[in-house]
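Inside the fold
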Amino acid sequence: MTSQQIRQQFLDFFNAKGHLIVPSAPIVLKDDPTLMFSNSGMTQFKDYFLGYKEPKAPRIADTQKCLRVSGKHNDLDDVGRDTYHHTMFEMLGNWSFGDYFKKEAIDYAWELLTEVYKIPKENLYVTIFEGDTTENLDRDQDAYNFWKAHIDESRIINGNKKDNFWEMGESGPCGPCSEIHVDLRSEEEKAAVNALDLVNNDHPQVVEIWNLVFMEFNRKADGSLEKLPAQHVDTGMGFERLCMALQGKKSNYDTDVFTPLIAKVEEVSGKKYTGILEDEKDIAIRVLVDHIRAVSFAIADGQLPSNGGAGYVIRRILRRAISYSYRFLGMKEPFLYQLVAVLKNEMGTFFPEMQKQEKLVTEVIREEETSFLKTIEHGLKRIDLIIAETLSRNEKTLPGAEVFELYDTYGFPADLSRIIAEEKGLTVDEPGFDEEMAKQKQRSRKSSAQKVHDWVILEEKQETFVGYDLTETETYITRYRKVENKDGEFYQIVLAKSPFYPEGGGQVGDKGILIPSYTEGFDISNPSLTEVNNCADIIEVLETKKENNLIVSLIKDLPKDAGAVFYARVNTSERKNTQANHSVTHLLHEALREVLGTHVEQKGSFVGPDYLRFDFSHFSKMSEEEITLVEEKVNAKIKENISLEEFRDIPIAEAMEKGAMALFGEKYGDSVRMIKFGTSRELCGGTHVRNTSEIGHFKIQSESSTAAGIRRIEAISGDRSAEYFRNLEIQVKQISALLKTKDLTKAVEKLLEENAGLKSEAENYKKEKAKGETANWKNDFKEAGDKKLLVKKVSLEAATVKDIVFQLKKDVADAVIVIISDAGEKPMITVGVSQGLEGKYHAGNIVKDLAREIQGGGGGNPGFATAGGKDITGLHRAYEKALAL
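Let us look at the structure shown here. What you see is a predicted model; the values in this text were computed from it and never measured.

Considering all chains together, one arrives at 2 cavities of 30 Å³ or more under this definition. Looking at the largest cavity, the residues that line it are Ser-3, Gln-4, Arg-7, Phe-239, Asp-256, Val-257, Arg-293, Leu-343, Glu-346 and Met-347. For the lining of the largest cavity, the secondary-structure elements that each account for two or more residues are α1 (3-16) and α11 (339-347). Broken down by class, the residue content of the lining of the largest cavity amounts to 4 nonpolar, 2 polar and 4 charged. Its volume calculated, the second largest cavity comes out at about 50 Å³. Lining the second largest cavity, in full, are Gln-507, Val-508, Gly-509, Asp-510, Lys-511, Asn-571, Glu-574, Arg-575, Thr-578 and Pro-609. Tallied by class, the residues present in the lining of the second largest cavity amount to 2 nonpolar, 4 polar and 4 charged.

Reported here for the second largest pocket is a volume of approximately 880 Å³. As for the second largest pocket, its lining consists of 36 residues, of which Pro-352, Glu-353, Glu-666, Lys-667 and Tyr-668 are closest to the centre. Listed by contribution, the elements that provide at least two residues to the lining of the second largest pocket are β2 (59-67), α12 (352-356), α18 (572-596) and α20 (652-657). Of the residues forming the lining of the second largest pocket, the biggest block, 3 residues, is contributed by α12. Among the residues making up the lining of the second largest pocket, the classes are represented as 18 nonpolar, 8 polar and 10 charged.

A word on helix α9 (residues 280-300). Taking 1.5 Å as the rise per residue, α9 with 21 residues should run 30 Å; its terminal C-alpha atoms sit 30 Å apart, in good agreement. Burial analysis of α9 places 20 of its 21 residues in the buried class, the great majority of the element. Sitting at the amino-terminal end of α9 is Asp-279, which places a side-chain oxygen 2.8 Å from the backbone nitrogen of Lys-281. At the exit of α9 stands Gly-302, carrying a positive phi of roughly 115°.

About the criteria used
Residues numbered from 1 in each chain as written. Predicted model: local features only at pLDDT ≥ 70, side-chain atom pairs only at ≥ 80, totals over all residues. Heavy atoms only, no water. 1 Å grid on protein atoms, 1.4 Å probe; cavity = no way out; pocket = protein on both sides within 12 Å on 5 of 7 lines; lining within 4 Å. Points joined across faces, edges and corners; volume = space filled by probe spheres on them. Helix = DSSP H or I, 4+ residues; strand = E, 2+ residues; numbered from the N terminus. Nonpolar A, V, L, I, M, F, W, Y, C, P; charged D, E, K, R; others polar. Expected span 1.5 Å × (residues − 1). Buried < 20%, exposed > 50% of the residue type's maximum accessible area, 1.4 Å probe, protein only. Polar contact = N/O pair within 3.5 Å; in protein donor to acceptor, adjacent residues only side chain to side chain.

Written out as structure tokens, the structure is:
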């Protein structure tokens, strides 16, 4: 049975049991502040469990792409080392939202595994929750009784809270669970050791394949448990492990989930995969085929590699794969990108995003490979310098801090540093490396640490967003909670009616004010602008975000009467500029597709009051002509006075029929909102101008590359655009006054001509001066062992010093030259070594050692090197150190 058949049979089985089959949610989460990636099958259904959304159906089934590479769910370091851990994996799941519970979940699981998939019953073992006295939780007797109808009691195992009580996080829905394990060992192995002793003991052939979670409780922030109003079922079956069981394999990597990818790696690398666990080559191949899936689907779902957040995680996974291919397969050229086509062929039917985004995924991975392979080459040179410096100090241990800097700043794999050190008979200062790593983690924890208290519910109410139509309204607080972070204590509030747009879709969240009704002299039903501006009891809304389908606004202090009626008002000037920028991104998207081609797709955006940023797929730099044409097209649409046509809550199929563009990496519901400006039609939840004329004017300020195959435009509109042209006019007038002419082009051309002449004269003067200095300095060399040494302090510029040093190297045999300069109040050190001495003295190593005295850095080759620094007072120390060296 192929993996595709296995997946389809699961979905068909639950479809026949009355489950709605839904597509996988994106692996990258854009609207959940608690998670970067979908790390379990239930992630996309969190709002259903928490009661913030009504489920599409009481019974649902799917296969969900999951990624476990951050937080407490992190399997990255285990990948490749065993047969069953993965970064990305599929989770087959069936769900009941207040419908069936334990009995049906257990019956369905047993029927599918034994009657449809035909797994021998004697190979299956199940666990149930044994209870926990510290939480007053009883043994799950119901699950035990239901399992007894299917399986011998001797194969029903009690499990502790760690293994058999599932929790979404530190707070949220949770409950006892029942795991199903399968014994895949040979008959001889089964006879030798009872499987009961191997369940949940990390045996590679006695593995958990399915977990049935019975959601009964809600874990509150204070650690206590409360009963959920309805009971739910949340199950997750590891697709890759299921394929291993059904295909009679001993490793996930031997199934057809991975064998086509492995075959491609073998073909390109010329290395044969044998499946040996300890073989570094085989470990590398397992890492590659695992990681390429994770990276490819993350990119296809909208997360490009970058230097921060989720993008950094994806880049790190890809670089880990490149490092393994470089070190253990000898691959010095990009090749991982070739695996994307194989992945599309194997998984594109079930995951159409891989078919649609194949070209983008391929190009992004190719460019990332090319870039990181250069980084590895640079890192090899850098570690050679570190090794040379270590040996010059007669030491045998590389400084941990420098090895960590290579890893953290330059992305050079620490394992590779260790291997190179061992080849030279050296070690790495592991405690020093670990200390730097711990500091980094501590910095990261401090920046993101936040304590969130439980919600205080004032009224159970379905909150509504009224901000599309209103920027001010009467409202009241339905719930609030305290949050503590590095900036202090704050309160998050949810309003019954909120005019504040929550951050999302690239648009920043609204700021604004709240004024309580108990404010003296304030008419909440019809406040004047003067009353609002002069009010003493204004509560500032600092930001607005969305969490679990709630619109959450942040305030500094809780009002003295949280149950009062409030006047809520959006900061309308910021909203006005923000929505102008948002609307213009729609016009920009359309214009880019018209000018560059329909391959252009939005890949990300930022829309704020001051500027907009728009990322899009395109594989070359835009020309000035193209930029100008795009600007002209957008401004033409602005001048057309096109009215907004807004379609709220229309079926997504209808929106697509009307020509709406669905944006990259977004997950849409059955009903959507479509924004139409003439021929521009996009699905969008943001706020917009009522007419394109409100945008005023559009101006592109820059166009650049942000990732492989991704270009970025930064632009302004509205008030900022007007301000830009006002400032430009002022500058032109000032320059005209300085040059005493209105013909600026002619005046600048004349200045450039004069400047070129003066530069030429200055260069000639410097060269003549250098000749004179060279003649004088030849007399200053001193005999120092096997060399002639010159250490000199000067106030000459870098170019002049360089000319002198190269002339001296030519004229003076066996010379070592150190020039210490303070020209322009900037400390600089230049070192030259004659060619005959380059094997003994290394200018790059010398200059780096001396640069420490001026808090600087630099480098070069054995014959010539320079370094700059921050501390000019250290030049004297550098001078004395050079003499000592």
